[in-house]
Amino acid sequence: MAKKILLVGAAAAALTLATPAMASAAPPYTVSVGGSSTAGSRPFTAASVGGINFATALNTMSCTSASASGTVQSGTGLTTVATIASTGWSGCTEQFGTPLTVTHSGSWSLNPTGSATAGSTDVIAGKITGVSAHVADSSGTGLCDFTVGGNVDGSFNEGTQRLVIAETGADSSLTVTSVAGDCLGTITVGEAASFSGTYAITSPDGAINLS
């Protein structure tokens, strides 16, 4: 009897330990849009909630609003779940008040890395890779003209359908890749850049969910 009790107890403990792993998933994912995980590309748009902030060690910049558009890939066995084809930026200035124009370059990919369940309220960690943008003085003087590129950390909240970008610190994976204008000596090639902001994601096909 004692042996039987020990075996039952061991089985129960094993089931308890296994349950979280069985209930959640890391890459690859099943992605559904509007409740459908049928393979396909679904359009989405994004609008910033509040301002967007960008900074290097000696310069800070902000935009009053930003937008993005692209496609979400529904289906199974996915590691890249969305592609950002274009972005828009408004009201951008640097710390000395110089107006800036930000121009999107290339295709950016959204790659989740965190755990996801079949529920609809997960907050899933991930990265946006292939980020590239050109920033220039709007007056055309060339006083501040540079490009940034790399990856940024973030998370997607299924419950609110919001993407939060939070790439900060001296070890940031987003860096200044070239400088044409001197930006008053405040920006140099190779230095880390911080980028933060929150975007509300909308797809005409419905809410986006990962599992």
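First things first, this report covers the structure right here in the doc. (Residues numbered from 1 in each chain as written. Predicted model: local features only at pLDDT ≥ 70, side-chain atom pairs only at ≥ 80, totals over all residues. Heavy atoms only, no water.)

Secondary structure summary: the chain contains one helix and 17 strands in total. The proportion of buried residues among the 211 residues of the chain is 38%. Sequence separation of at least 24 residues holds for 66% of the intrachain contacts in the chain that already meet a minimum separation of 6. Accessible surface, the chain as shown: approximately 10,000 Å² in total, 61% of it carbon and sulfur. (Helix = DSSP H or I, 4+ residues; strand = E, 2+ residues; numbered from the N terminus. Buried < 20%, exposed > 50% of the residue type's maximum accessible area, 1.4 Å probe, protein only. Contact = heavy atoms within 4.5 Å. Areas by Shrake-Rupley, 256 points an atom, 1.4 Å probe, with all protein chains shown as cover.)

Turning to the environment of Ser138, a few remarks are in order. Turning to its location among the elements, Ser138 is positioned in the loop between β12 (123-137) and β13 (145-157). Given the relative accessible area of 39%, Ser138 is considered partly exposed. Spatially, the C-alpha atom of Ser138 lies 5.4 Å from that of Pro99, the residues being 39 residues apart in sequence. When near neighbours in sequence (up to four residues on either side) are disregarded, Ser138 contacts Pro99, Leu100 and Thr101. A polar side-chain atom of Ser138 sits 2.9 Å from a polar atom in the side chain of Thr101. (Polar contact = N/O pair within 3.5 Å; in protein donor to acceptor, adjacent residues only side chain to side chain.)

In this section: the environment of Tyr199. Within the element layout of this structure, Tyr199 appears in strand β16 (residues 194-202). For Tyr199, a relative accessible area of 6% translates into the label buried. Considering only alpha carbons, one finds Tyr199 and Gly50, 149 residues apart in sequence, at a separation of 8.6 Å. Beyond its immediate stretch of four places on either side in the chain, Tyr199 contacts Ala46, Ala47, Ser48, Val49, Ile52, Ala66, Ser67, Trp89, Gln161, Arg162, Leu163 and Ile165.

All right, on to the nonpolar core then. In terms of nonpolar packing, the biggest core is built from 45 residues, with Trp89, Ile128, Phe146 and Tyr199 touching the most fellow members. Broken down by element, this core gets its largest block of residues, five residues, from β12. (Core = buried A, V, L, I, M, F, W, Y, C linked by side-chain atoms within 4.5 Å.)

Inspection of the entire model under this criterion finds two disulfides. What pairs with Cys63 in a disulfide is Cys92, and their sulfur atoms sit 2.0 Å apart. What sets the handedness of the Cys63 and Cys92 disulfide is the S-S torsion sign, and at about 110° it is right-handed. Remark: Cys92 occurs in the loop between β7 (82-90) and β8 (93-94) and Cys63 occurs in strand β5 (residues 60-63); sequence separation between them is 29 residues. Both residues of the pair, Cys63 and Cys92, belong to the buried class. A sulfur-sulfur separation of 2.1 Å characterises the disulfide bridge that pairs Cys144 with Cys183. Its S-S torsion of approximately 95° makes the covalent link between Cys144 and Cys183 right-handed. Of the two residues, Cys144 sits in the loop between β12 and β13 while Cys183 sits in the loop between β15 (174-179) and β16, which places them 39 residues apart along the sequence. Classification of Cys183 as buried rests on a relative accessible area of 3%. For the chain, the disulfide bridges join cysteines in the arrangement 1-2, 3-4, where the cysteines are counted in sequence order. (Disulfide = S-S within 2.5 Å.)

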